[in-house]
Amino acid sequence: MKILSGFRSERTMAAPKNSGGRGELALLCALLGTLWEIGRGQIHYSVPEESDKGSFVGNISKDLGLESQELAKHGVRIVSRGRTQLFALNRRSGSLVTAGRIDREELCAQSARCLVNINILVEDRGKLFGIEIEITDINDNNPKFQVENLEVKINEIAAPGTRYPLPEAVDPDVGLNSLQSYQLSPNHYFSLDVQTGDDGTINPELVLERALDREEEAAHHLVLIASDGGAPRRSSTVHIQVTVLDTNDNAPVFAQPIYRVTVPENVPPGTQLLTVRASDPDEGANGEVAYKFWKISEKQSPLFQLNENTGEISTAKSLDYEECAFYEMEIQAEDVGALLGRTKVLISVEDVNDNRPEVIVTSLFSPVLENTLPGTVIAFLNVHDRDSGKNGQVVCYIRDNLPFQLEKSIDNYYRLVTWKYLDREKISMYNITVMASDLGAPPLSTETHIALHVADTNDNPPTFPHVSYSACIPENNPRGASIFSVTAHDPDSGKNAQVTYSLTEDTIMGAPLSSYVSINSDTGVLYALRSFDYEQIRDLQLLVTARDSGDSPLSSNVSLSLFVLDQNDNTPEILYPALPTDGSTGVELAPRSAEPGYLVTKVVAVDRDSGQNAWLSYRLLKASEPGLFAVGLHTGEVRTARALLDRDALKQSLVVAVQDHGQPPFSATVTLTVAIADSIPEVLADLGNIRNPANSDDSDLTLYLVVAVAVVSCVFLAFVVVLLALRLWRWHTSRLLQVSGSRLVGLPASSFVGMEGVQAFLQTYSHEVSLTADSGKSHLIFPQPNYADTLISHESCVKNDSLLTSIDFPEGKDEAASVQVSSVFCLYLFLRGIIF
């Protein structure tokens, strides 16, 4: 065998055979995608991957029909779900920009088109807009081999034309930026052939061009270069060492060219999936087969494990349908002679309902006014289930009977809207439970709670618990006393429920109502501004107004009747007998012939109070002759209780008490003097005979006082006689001068002139002497007003007429005897006797 020491000068290059067909297919896909976008009516943008942060994507404000500065005003924001946001809104320019570097391969792997869908929410319009952004590929990845060094063992008896598969390079880019060709370093023994699979993959194969001779060259070193079609072109290499082996003429053969297995995603790690088997007809060591993964991606390799002796394939980690639903790998069987056999294993992962629906509240408009119109958008919800098929189909609804309903929006978005008017006074906060349930078996569901607060509007006036009120206040109340309290309730909240109270102005007895009562505007407590008198005001009619503090204040009125309660604050007032102005006591006359029950007089009294405070009762408090007179309890009539006897004293003194029924009771007394005689002269004739034998000292004192009064009266009488004489003399002189010229007969002066002069004099001058038997003092009062009017003639004195000139007689042994003699009365009798 010869060992070739040189390399071929030309580099072997292989390219796909049907690249023209692939270009036409890509063009057709792009055309169909464009037509689909037009029919869908979405906004479409494109941006190359790996663009810097803030790179321009599209003029979103123009496409939404907004001004560039109005994005914040209209509440425009991105509401798409996802762990990271790839795009952002530039509110100054109104454009959509990138939020960071975007790796197309990470987002879409080997997909021909990488489309990212986001949603733009315009809050004030309550609308969602779908935005589709295509991430275009750039040549940012090198084709990469799984290994950097590869050993290929070839038996020296291998015939020229034998093909040996080489490892494929992986380029995550797409289109022209993806893997396009392989190149093999120049070599005399090997060439490179590239096969294109049905899925468009390029598979390099090492073709043996000349027979090998292990003895000439035991190993050959080759370099395989994988290149893409981007600009600039990127490539990677793998070093291949071809080891020439001794003869082993049978290669392992798998029982099936393709193994397929379907496994649910929830199988635990370590679960055996399938067993691949390859047989080698050689004997001994050449028939022993070892299994290993030949073609498997980096992401799939940690998930599965292969027993190199038995060919059992089992799971090394948990599978997840949502991450990858299909796995494809190749298994290689190799004997000790380096003869190979390969098979393909296809693992399909079945979805199980292991993911609950996710509900994300994209936007919530809380609080909401209670007068919001039906159909108003309250919130936007995004519903998503990572499962597929029926397991990923979600039904969304609201529990309980609430005034809200869900409406389907674009994609997986729902709108939560009102379907009737809200009433904060009934329900101020809604705890809305949104249920999202998938159609899997068994179904999984998720509850999302939304707390929605209802804002108040001033739609309720303050209300009083009662239609009208009545209150009572006792008279003589202190000023500032609390009378009554009214309270109005406003079911609104905040300042709409702040109630102020006021009184409607009115006039009472010429004075404003505000001078009688006032009301605390905050508490509704009424206060008396003055002390009420039941005898003047018995009731007040008030109108209380309650007004809230809303922007458009509402009010209501209630009537209050305030009644003044009578207190026993007035003493009974005696109308009859009235006390004379000179302080003396009137005399009632009772004939000695009066029978029992004879009406002597009647005490008349009134009480300005009312009710039981004005109920009067009469009783005889004191009498000089007990049992002689009786007083009617309710009438006040003074009647004789028995027949009058000769031994009964001429003068009887009665003290009558008048008492009301108040608490405490008030009373008044009146002293009545009853003279037992048939006429006034009879009373006067007996004055000198009245003595008090009980006390001689008192009688002597009284006598001295009477003598003193008589002396004074005589002096006074002499003065009057002299005065009259002088006047008569003057008058007689004047008459004599006129007699010569006339024949008139003169009349006696004493018949009228003297009487008029005495009466005129008595109109001006009078005196009173009070004598008290039990006192060492007497008093004289000069002058004393007119007593002449109290004089009455004997002929005009009738039964029950009270003498205004009173005479007090001694009443008993222990009682102070008083004699009050009016000098005017004595003088009158004296002159009357002289004249007539």
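Caption draft 1: Local environment of the overall build of the protein chain. Summing up its helical and strand segments, the protein chain has seven helices and 55 strands in all. Here the protein chain holds 836 residues, and 42% of them are scored as buried. In the protein chain, of all internal contacts separated by at least 6 residues, the share reaching a separation of at least 24 is 68%. Carbon and sulfur atoms make up 53% of the accessible area of the protein chain, which amounts to about 44500 Å² in all.

Caption draft 2: Region of the structure containing the state of the cysteines. This model, assessed by the stated rule, comprises one disulfide. Two residues share a disulfide in this structure: cysteine 108 and cysteine 114, whose sulfurs sit 1.9 Å from each other. What sets the handedness of the cysteine 108 and cysteine 114 disulfide is the S-S torsion sign, and at about 60° it is right-handed. Of the two residues, cysteine 108 and cysteine 114, both sit in the buried class.

Caption draft 3: A look at the confidence of the model for the protein chain. On average, residues of the protein chain score 78 in pLDDT, and 79% of them are at 70 or above. Below pLDDT 50 for its whole length, residues 690-696 participates in seven contacts with residues either more than four positions away or in separate chains. Across residues 740-836 the pLDDT falls below 50, and counting only partners more than four positions away or on other chains, this stretch makes 141 contacts in the model.

Caption draft 4: Region of the structure containing the sheet that holds strand S2 (residues 43-48). Within the open sheet, the four strands sit side by side as S2-S8-S7-S4. Their pairing is mixed. Two strands lie at the open edges of the sheet, namely S2 and strand S4 (76-78), each paired on one side alone. Averaged over all neighbouring strand pairs, the angle between strand axes comes to 30°, with direction disregarded. Across eight bridges, strand S7 (residues 115-122) lies against strand S8 (residues 127-136) in antiparallel orientation. Residue pairing in the sheet places asparagine 117 in a bridge with glutamate 132 of S8.

Caption draft 5: Region of the structure containing the nonpolar core. Ranked by internal contacts, the top residues of the largest apolar core, which has 29 residues, are Phe464, Tyr501, Val517, Leu540 and Val544. For this core, the elements supplying multiple residues, two or more each, are strand S35 (468-474), strand S37 (500-503), strand S40 (517-519), strand S41 (525-528), strand S42 (539-547) and strand S43 (555-565). Beyond its immediate chain neighbours, meaning those up to four positions away, leucine 540 contacts Ile508, Tyr516, Val517, Phe532, Leu560, Ser561 and Leu562. Grouped together as the second largest cluster of nonpolar side chains are 26 residues, Tyr164, Leu179, Leu184 and Val238 included.

Caption draft 6: Unusual backbone geometry, seen in detail. For the bond from serine 366 to proline 367, the omega torsion is 5°, close enough to zero to count as cis. By the element assignment, proline 367 lies in the loop between strand S27 (358-364) and strand S28 (368-369). Its identity is not glycine, yet glutamate 50 carries a phi of approximately 60°, on the positive side. As for its placement among the helices and strands, glutamate 50 is situated in the loop between S2 and strand S3 (56-58).

Caption draft 7: Highlighting the environment of arginine 530. Residue position: arginine 530 is located in the loop between S41 and S42. For the pair arginine 530 and tyrosine 516, spaced 14 residues apart in the sequence, the C-alpha separation amounts to 5.8 Å. Dropping the residues within four chain positions of it, arginine 530 is found in contact with Asn477, Arg479, Ser515 and Tyr516. Only 3.5 Å separates the side chain of arginine 530 from the backbone oxygen of serine 515, close enough to count as a polar contact.

Caption draft 8: Representation of the packing of aromatic side chains within the structure. Inspection of every chain in the model, using the stated rule, returns seven aromatic pairs. Ring plane angle 85° and centroid distance 5.1 Å describe the contact between phenylalanine 404 and tyrosine 430, whose orientation is recorded as edge-to-face. On the criterion of sequence distance, the pair formed by phenylalanine 404 in strand S31 (residues 404-408) and tyrosine 430 in strand S33 (residues 429-438) is long-range, its members being 26 residues apart. In this structure an aromatic cluster arises from ring pairing among Phe464, Tyr469 and Phe484. Its guanidinium or amino end placed over the ring of tyrosine 189, arginine 210 lies 5.2 Å from that ring's centre, counting from NZ or CZ. Directly above the ring of tyrosine 414 sits lysine 408, whose terminal nitrogen or CZ lies 5.5 Å from the centroid.

Caption draft 9: Layout of a nonpolar patch on the surface. Residues Leu703, Tyr704, Val707, Val711 and Val715 make up a contiguous nonpolar surface patch of roughly 490 Å² in combined accessible area. Looking at the element boundaries, leucine 703 is found in helix H5 (residues 696-739).

Caption draft 10: Representation of the pairing of strand S15 (residues 202-208). Burial within S15 is extensive, with six of its seven residues counted as buried. Relative to S15, strand S11 (residues 163-165) is paired through three bridges, and the arrangement is antiparallel. Its bridge partner being in S15, proline 165 is matched across the sheet by glutamate 205. For strand S14 (residues 190-196) and S15, the ladder comprises seven bridges, and the chain directions are antiparallel. What sits directly across from leucine 192, in S15, is leucine 206. Here S14 folds back onto S15 in antiparallel fashion, the turn holding five residues, of which glycine 200 has a positive phi close to 90°.

Caption draft 11: The arrangement of the environment of aspartate 438 in detail. Mapping aspartate 438 onto the fold places it in strand S33. As for aspartate 438 and cysteine 396, which are separated by 42 residues in sequence, their C-alpha atoms are 8.7 Å apart. Contacts of aspartate 438, omitting those with residues within four sequence positions, involve Asn353, Asn355, Pro357, Asp385, Lys390, Asn391, Gln393, Val394, Pro443 and Leu444. Reaching out from aspartate 438, the side chain makes a polar contact with the backbone nitrogen of glycine 440 at a distance of 3.3 Å.

Caption draft 12: Main features of the side chain of threonine 640. Turning to its location among the elements, threonine 640 is positioned in strand S50 (residues 637-640). A residue is classified by how much of its surface remains accessible, and threonine 640, at 4% relative accessible area, is buried. At 2.7 Å, the side chain of threonine 640 and the backbone oxygen of glutamate 595 are in polar contact. Contact partners of threonine 640, with chain neighbours within four places excluded, come to Glu595, Pro596, Gly597, Tyr598, Val600, Leu628 and Phe629.

Caption draft 13: Quick look at the pattern of salt bridges. This model, assessed by the stated rule, comprises 18 salt bridges. Salt-bridge contacts for arginine 639 lead to glutamate 637; the nearest nitrogen and oxygen are separated by 2.8 Å. When salt bridges with common partners are traced through the structure, they connect Glu50, Asp52 and Arg101 into a single cluster.

Caption draft 14: Region of interest: the sheet that holds S37. Spatially, the four strands line up as an open sheet ordered S35-S43-S42-S37, and their pairing is mixed. Looking at the sheet topology across the chains shown, the edges are occupied by S35 and S37. With strand direction ignored, the average angle separating the axes of adjacent strands in the sheet is 30°. As defined by bridge partners, S37 adjoins S42 across four bridges and the pair is classed as antiparallel. In the strand pairing of S42, threonine 500 is matched with arginine 547.

Caption draft 15: Quick peek at the side chain of glutamate 330. Among the secondary structure elements, glutamate 330 is positioned in strand S25 (residues 326-335). Lysine 295 provides the closest opposite charge to the buried, salt-bridge-free glutamate 330, at an N-O distance of 4.6 Å. Beyond its immediate chain neighbours, meaning those up to four positions away, glutamate 330 contacts Lys292, Phe293, Trp294, Lys295, Arg342, Thr343 and Lys344.

Caption draft 16: Spotlight on the environment of threonine 545. Take threonine 545: it is sitting in strand S42. Residues threonine 545 and phenylalanine 464 lie 81 residues apart in sequence; the distance between their C-alpha atoms is 9.9 Å. Dropping the residues within four chain positions of it, threonine 545 is found in contact with Thr500, Tyr501, Ser502, Thr504, Ser555, Ser556 and Asn557.

Conventions adopted
Residues numbered from 1 in each chain as written. Predicted model: local features only at pLDDT ≥ 70, side-chain atom pairs only at ≥ 80, totals over all residues. Heavy atoms only, no water. Helix = DSSP H or I, 4+ residues; strand = E, 2+ residues; numbered from the N terminus. Buried < 20%, exposed > 50% of the residue type's maximum accessible area, 1.4 Å probe, protein only. Contact = heavy atoms within 4.5 Å. Areas by Shrake-Rupley, 256 points an atom, 1.4 Å probe, with all protein chains shown as cover. Disulfide = S-S within 2.5 Å. pLDDT = per-residue confidence, 0-100. Pairing = 2+ DSSP bridges. Axes fitted to C-alpha atoms, helices over the stretch in contact; angles between N-to-C directions. Core = buried A, V, L, I, M, F, W, Y, C linked by side-chain atoms within 4.5 Å. Polar contact = N/O pair within 3.5 Å; in protein donor to acceptor, adjacent residues only side chain to side chain. Phe/Tyr/Trp six-rings, centres within 6.5 Å; stacked < 30°, edge-to-face > 60°. Lys NZ or Arg CZ within 6 Å of the ring centre and 35° of its normal. Patch = residues over 30% accessible without salt bridge, like charges linked within 9 Å, V, L, I, M, F, W, Y side chains within 5 Å. Salt bridge = Lys/Arg side-chain N within 4 Å of Asp/Glu carboxyl O. Lys, Arg positive; Asp, Glu negative; His and termini not counted.

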